[in-house]
Amino acid sequence: MSTAAHERDWQRVSAEGLAGLSLDSLPAAELLFLDALAAYLMGPEAPESPYTIEQGTVIVGHLLRAVVDASKLELESSPPGSDEMSEARTAVLEGAHQFASRGVPGVKQLVNRFLAAAVGELEIHRESAEAQTRSLFYYGLLAVASGPNNRLTQAAAEGIMDVFTAWDAQIGAGFVPPWRVVATT
């Protein structure tokens, strides 16, 4: 497959993932994205300053893969939601569908919006992988929720941080994503 064909393929798959996102699959996308960020930023090969576009691209890729793979994952539980979290999830869903309705140009717009923020947030929070994870989760979902026209309510923006806080609390209480459970036989 040529480089141009491969590029179009991931963009098409990403547009389909954005279009296929639902309120039922959104918590899975959140968890997949959060887990991928944590593994990348807190793992043995965590990126180091000075941060690059390539590292930002990895982060954007985690967001897009989470959206694409969310429909393949069935969660047994997700954090209870607040009104702000519901508003945030509705905004993420609407934004995803608006980007998807633009096809490949919508995916490119989303990537361009989040890529610059990703590199900047890595640098701003370079002293703390935990702060990088929180910030990149927030800005990734914010980039989707604001849609192609870059509009979002304050309550939805606050709700995105509530979504992070809820997942963080659930993981802190012992929840382990199903793909991280090690079988003991």
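The coordinates are above.
Quick notes on the rules
Residues numbered from 1 in each chain as written. Predicted model: local features only at pLDDT ≥ 70, side-chain atom pairs only at ≥ 80, totals over all residues. Heavy atoms only, no water. Helix = DSSP H or I, 4+ residues; strand = E, 2+ residues; numbered from the N terminus. Rg over C-alpha atoms; globule rule 2.2 N^0.38 Å. Contact = heavy atoms within 4.5 Å. Areas by Shrake-Rupley, 256 points an atom, 1.4 Å probe, with all protein chains shown as cover. Lys, Arg positive; Asp, Glu negative; His and termini not counted. Charge placed at Lys NZ, Arg CZ, Asp CG, Glu CD. Expected span 1.5 Å × (residues − 1). Buried < 20%, exposed > 50% of the residue type's maximum accessible area, 1.4 Å probe, protein only. Core = buried A, V, L, I, M, F, W, Y, C linked by side-chain atoms within 4.5 Å. Patch = residues over 30% accessible without salt bridge, like charges linked within 9 Å, V, L, I, M, F, W, Y side chains within 5 Å. Salt bridge = Lys/Arg side-chain N within 4 Å of Asp/Glu carboxyl O.

**A closer look at the overall build of the protein chain**
At step 1: Within the protein chain, the secondary structure is distributed over 7 helices and 0 strands.
At step 2: Ordered by position from the N terminus, the helices and strands of the protein chain form the series α-α-α-α-α-α-α.
At step 3: Radius of gyration (C-alpha) of the protein chain: 16 Å, near the 16 Å computed for a compact globule of 185 residues.
At step 4: By principal-axis analysis of the C-alpha atoms, the protein chain measures approximately 45 × 40 × 35 Å.
At step 5: Restricting to contacts in the protein chain with at least 6 residues of sequence separation, those with at least 24 account for 80%.
At step 6: About 9,600 Å² of surface is accessible on the protein chain, with carbon and sulfur atoms providing 53% of the total.
At step 7: Across the protein chain, the 12 positively charged side chains and the 23 negatively charged ones have centroids separated by 9 Å.

**Some points on helix α4 (residues 83-101)**
At step 1: Under the 1.5 Å per step criterion, the end-to-end length of α4 is 27 Å for 19 residues, consistent within 8% with the ideal 27 Å.
At step 2: Buried within α4 are the following residues: Met85, Ala88, Arg89, Ala91, Val92, Leu93, Gly95, Ala96, Phe99 and Ala100.
At step 3: Taken from the residues just after α4, Gly103 is the one with a positive phi, measuring 65°.

**Observations concerning the nonpolar core**
At step 1: Counting 53 residues, the largest nonpolar core has Leu18, Leu21, Ile59, Phe114, Leu136 and Phe137 as the members making the most contacts within it.
At step 2: Those elements that provide at least two residues to this core are α1 (3-20), α2 (26-42), α3 (53-69), α4, α5 (104-124), α6 (129-145) and α7 (154-172).
At step 3: For this core, the element with the most residues is α2, which contributes 10 residues.

**Details of unusual backbone geometry**
At step 1: Residue Pro50 is reached from Ser49 by a cis peptide bond, and omega for that bond is 5°.
At step 2: Structurally, the position occupied by Pro50 is in the loop between α2 and α3.
At step 3: One non-glycine residue, Asn150, lies in positive phi territory at about 55°.
At step 4: Its place among the elements puts Asn150 in the loop between α6 and α7.

**Examining the environment of Leu31**
At step 1: When you line up the elements, Leu31 lands in helix α2.
At step 2: Sequence separation between Leu31 and Met42 is 11 residues; the distance between their C-alpha atoms is 16 Å.
At step 3: Apart from residues no more than four positions distant in its own chain, Leu31 is found in contact with Leu75, Trp167, Ile171, Phe175, Pro177 and Trp179.

**Structural notes on the side chain of His62**
At step 1: Position of His62 relative to the elements: it lies in helix α3.
At step 2: Those residues in contact with His62, other than ones at most four positions away along the chain, are Phe33, Ala36 and Tyr40.

**Some thoughts on a negative patch on the surface**
At step 1: Together, Asp83, Glu84, Glu87 and Glu158 line one region of the surface with negative charge.
At step 2: Looking at the negative patch element by element, the count peaks at 3 residues for α4.
At step 3: If you trace the backbone, Glu158 turns up in helix α7.

**Describing α7**
At step 1: Between its first and last C-alpha atoms α7 spans 27 Å; for 19 residues at 1.5 Å apiece the expected length is 27 Å, and the two agree.
At step 2: Of all the residues in α7, the buried ones are Ala156, Ala157, Gly159, Ile160, Val163, Phe164, Ala166, Trp167 and Gln170.
At step 3: Close packing links the buried residues of α7 with α2, α4 and α6.

**Description of the pattern of salt bridges**
At step 1: This structure, assessed with the given rule, holds 6 salt bridges.
At step 2: Among the ionic pairs, Glu127 bridges to Arg126, the shortest N-O distance being 3.9 Å.
At step 3: One network of salt bridges, with partners in common, ties together Asp9, Arg12 and Glu16.

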